[in-house]
Amino acid sequence: MNVIMLLKPKETIKYIYESNTLRQGIEKMRAHSYTAIPVISDDGAYVGTVSEGDFLYYILDEQNNNMKEQEKHFVKDIIRRDFNPAVNIDVTMDELLDRALKQNFVPVTDARGTFIGIVTRQDIIRHFMEK
């Protein structure tokens with residue numbers, strides 16, 4: 001089994017750019033009812049994932065919940081680089097399953113580090129249940 005069979009391609013999911021403002025990131029997450037969302041660079045490389053908590057902690061640390069103020073700060077300022085690391089397209093199913101035990105979705109990159117999509121925990125569970 002190849003990860004390609006479970007992949008939700010980049011074109012079918014939502015993500016944000018590291019150059020987006022905090023306000024843009026918050027609004028996109030809220031509009032789609034996401035609790036976490038992949039972040040990519042302007043050239044398409046996977047940078048990390050941000051969660052609702054990342055936005056909340058930033059707002060609390062800055063002690064400013066003014067939405068206009070959030071337009072002055074960027075998603076790249078709140079990314080935790082070690083949170084929700086991506087796997088390469090040639091990942092084994094065992095490694096993918098292990099990663100899915102720790103995260104709701106697993107970002108997938110190609111050999112150049114370009115973000116190509118995600119595999120959700122739900123899809124992995126469904127795959128193993130059908131076997």
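Look up: the structure comes first, before these words.
Residues numbered from 1 in each chain as written. Predicted model: local features only at pLDDT ≥ 70, side-chain atom pairs only at ≥ 80, totals over all residues. Heavy atoms only, no water.

**Description of the sheet that holds strand 5 (residues 87–88)**
Then, in step 1: A sheet is described by the order of its strands in space; here 4 strands give the open sequence 1-7-6-5, paired in mixed fashion. Two strands close off the open sheet at either side, each with one partner strand: strand 1 (8–9) and strand 5.
Then, in step 2: With 5 bridges joining them, strand 6 (residues 105–109) and strand 7 (residues 115–120) adopt antiparallel strand pairing. When the sheet's bridge partners are listed, T109 is paired in strand 7 with F115.
Then, in step 3: On the sheet, helix 4 (residues 93–100) packs against strand 5, strand 6 and strand 7 and is oriented at approximately 135° with respect to strand 6.
Then, in step 4: Against the sheet, helix 5 (residues 121–130) touches strand 1, strand 6 and strand 7, its axis set at about 60° to strand 7. (Pairing = 2+ DSSP bridges. Helix = DSSP H or I, 4+ residues; strand = E, 2+ residues; numbered from the N terminus. Contact = heavy atoms within 4.5 Å. Axes fitted to C-alpha atoms, helices over the stretch in contact; angles between N-to-C directions.)

**Points about the side chain of H73**
Then, in step 1: Relative to the assigned elements, H73 resides in the loop between helix 3 (67–70) and strand 5.
Then, in step 2: At a separation of 2.8 Å, a polar atom in the side chain of H73 contacts the side chain of Y58. (Polar contact = N/O pair within 3.5 Å; in protein donor to acceptor, adjacent residues only side chain to side chain.)

**Some remarks on the pairing of strand 3 (residues 36–40)**
Then, in step 1: In terms of residue burial, strand 3 counts as a mostly covered element, since 4 of its 5 residues are buried.
Then, in step 2: Relative to strand 3, strand 2 (residues 16–17) is paired through 2 bridges, and the arrangement is parallel. What sits directly across from Y17, in strand 3, is I40.
Then, in step 3: The pairing of strand 3 with strand 4 (residues 46–51) spans 5 bridges and is classified as antiparallel. Bridge pairing in strand 4 places A36 opposite S51. (Buried < 20%, exposed > 50% of the residue type's maximum accessible area, 1.4 Å probe, protein only.)

**So, the pattern of salt bridges**
Then, in step 1: Under the criterion given, the structure shown has 8 salt bridges.
Then, in step 2: The salt bridge partner of R23 is E27, with a shortest N-O separation of 2.8 Å. Residue R23 and its partner E27 are both found in helix 1 (residues 22–31); the two are separated by 4 residues, about one turn of the helix.
Then, in step 3: What makes R23 partly exposed here is its relative accessible area of 24%.
Then, in step 4: A salt bridge links R99 to E95; its shortest N-O distance comes to 3.8 Å. Taken together, the residues span about one helical turn, with R99 and E95 both in helix 4 at a distance of 4 residues.
Then, in step 5: We classify R99 as buried; its relative accessible area is 17%.
Then, in step 6: Through salt bridges with shared partners, a single network forms among K8, D123 and R126. (Salt bridge = Lys/Arg side-chain N within 4 Å of Asp/Glu carboxyl O.)

**A look at the packing of aromatic side chains**
Then, in step 1: One pass over the structure, following the stated rule, counts 3 aromatic pairs.
Then, in step 2: Considering the side-chain rings of Y15 and F115, the 6.1 Å spacing of their centres and the 65° angle between planes classify their relative orientation as edge-to-face. Here Y15, found in the loop between strand 1 and strand 2, pairs with F115, found in strand 7; they are 100 residues apart in sequence, far enough to count as distant. For the pair shown, Y15 and F115 are each scored as buried.
Then, in step 3: Taking 6.0 Å as the distance between ring centres and 25° as the angle between the ring planes, the aromatic pair formed by Y46 and F115 counts as stacked. Of this pair, Y46 sits in strand 4 while F115 sits in strand 7; the two residues are 69 residues apart in sequence, bridging distant segments of the chain. The two residues Y46 and F115 agree in class, both being buried.
Then, in step 4: Taken together through their ring pairs, the aromatic side chains of Y15, Y17, Y46 and F115 make up a single cluster.
Then, in step 5: Stacked on the ring of F74, the Lys or Arg K76 has its end atom at 5.6 Å from the ring centre. (Phe/Tyr/Trp six-rings, centres within 6.5 Å; stacked < 30°, edge-to-face > 60°. Lys NZ or Arg CZ within 6 Å of the ring centre and 35° of its normal.)

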